[in-house]
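Coordinate inspection notes
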Amino acid sequence: MTEATTRPKAHRTQAERREQTKTALLDATIDCLVELGYARTSVQEICARAGVSKGAVQHHFSAKAELMAAAVEHLTVKLRHQLAESLQTVPQGVDGIPTAIDLLWEGYSGTLATAATELWVAARTDPELKAAIRPVDRALGRSTRDHITSIAAGLPRERVETLFWLTVNLTRGLALDAELGGDPKRRRQLLEEWKRIAVGVATG
């Protein structure tokens with residue numbers, strides 16, 4: 001085998017290793033945000049969990065804020081793919097609204113909600129962090145909105161977008177309520193009530 005034929009394979013392997021290192025760092029960052037919170041999340045702890053050196057972090061990310069934003073983006077990409085796949089099975093039009101709301105609740109709660117909440121609270125007094133995570137948050141919103149709009153066939157686009165953003169903000173509020181130890185039964189009741197209202201608005 002010639003050097004010309006072996007070189008591309010070696011290049012791909014090196015690229016794969018870099019990607020694996022980056023993924024390990026991002027996964028470790030999310031774990032730290034969820035378990036320790038932003039204030040106690042250090043680059044040293046992230047490196048220890050990822051099994052890499054501090055030099056590896058600096059190779060991929062120039063600042064802690066960039067790493068944090070990339071970690072949330074990493075998580076939201078997974079969420080976008082999950083939502084896109086799940087939304088393919090949702091009925092078209094008004095009949096799909098309750099299911100779509102459930103999917104948005106699942107997507108905007110849990111690990112994503114915990115990590116994002118930690119970062120947004122910190123970003124209030126950290127302009128660099130705010131600038132890093134804002135485009136990530138907006139990209140998730142636009143992508144998910146487009147998926148919702150595509151299944152809401154026959155409904156006015158403006159009405160669908162209003163319902164979407166109302167749902168996103170409601171589910172984020174409910175996710176925060178869950179983080180603060182709120183009543184799960186009450187959250188479910190509020191979600192069911194919102195489904196009823198949303199269907200009424202869509203058909204009104």
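Scroll up for the structure.
Now for a quick tour of the structure. (Residues numbered from 1 in each chain as written. Predicted model: local features only at pLDDT ≥ 70, side-chain atom pairs only at ≥ 80, totals over all residues. Heavy atoms only, no water.)

**Focus: the nonpolar core**
The biggest cluster of nonpolar side chains holds 55 residues, and the ones touching the most others in it are Tyr 38, Ile 46, Met 68, Leu 87, Leu 119, Leu 129 and Ile 148. Among the elements of the structure, α1 (3-36), α2 (43-50), α4 (64-87), α5 (97-108), α6 (110-123), α7 (127-151), α8 (157-179) and α9 (184-203) are those that each provide at least two residues to this core. The element contributing the most residues to this core is α4, with 11 residues. When near neighbours in sequence (up to four residues on either side) are disregarded, Met 68 contacts Thr 29, Leu 33, Tyr 38, Thr 41, Ile 46, Leu 119 and Leu 129. (Core = buried A, V, L, I, M, F, W, Y, C linked by side-chain atoms within 4.5 Å. Buried < 20%, exposed > 50% of the residue type's maximum accessible area, 1.4 Å probe, protein only. Helix = DSSP H or I, 4+ residues; strand = E, 2+ residues; numbered from the N terminus. Contact = heavy atoms within 4.5 Å.)

**Section: the pattern of salt bridges**
Tallying each qualifying case throughout the model produces 12 salt bridges. Of the charged contacts, one joins Arg 188 and Asp 102 as a salt bridge, the two residues approaching to 3.6 Å between their closest N and O atoms. Highlighted residues: Arg 188 in helix α9 and Asp 102 in helix α5, separated in sequence by 86 residues. Taking relative accessible area as the criterion, Arg 188 reaches 38% and is therefore assigned partly exposed. Between Asp 146 and Arg 145 there is a salt bridge, with its nearest N and O atoms 3.4 Å apart. Among the residues examined, Asp 146 registers a relative accessible area of 39% and is labelled partly exposed. Each of the salt bridges in this network shares a partner with another, and the network as a whole consists of Asp 102, Arg 188, Glu 192 and Lys 195. (Salt bridge = Lys/Arg side-chain N within 4 Å of Asp/Glu carboxyl O.)

**Here's the deal with α8**
For α8, built from 23 residues, the straight-helix expectation of 33 Å at 1.5 Å per residue is met to within 8% by its first-to-last C-alpha distance of 33 Å. Of all the positions in α8, only Val 160, Leu 163, Phe 164, Thr 167, Val 168, Thr 171, Leu 174, Ala 175 and Asp 177 are classed as buried. The secondary structure elements touched by the buried residues of α8 are α5, α6, α7 and α9. (Expected span 1.5 Å × (residues − 1).)

**Looking at the side chain of Arg 145**
Looking at where Arg 145 falls in the secondary structure, it is placed in helix α7. A distance of 3.4 Å separates polar atoms of two side chains, one belonging to Arg 145 and the other to Asp 146. Residues contacting Arg 145, with those up to four places away along its chain left out, are Glu 161, Phe 164 and Trp 165. (Polar contact = N/O pair within 3.5 Å; in protein donor to acceptor, adjacent residues only side chain to side chain.)

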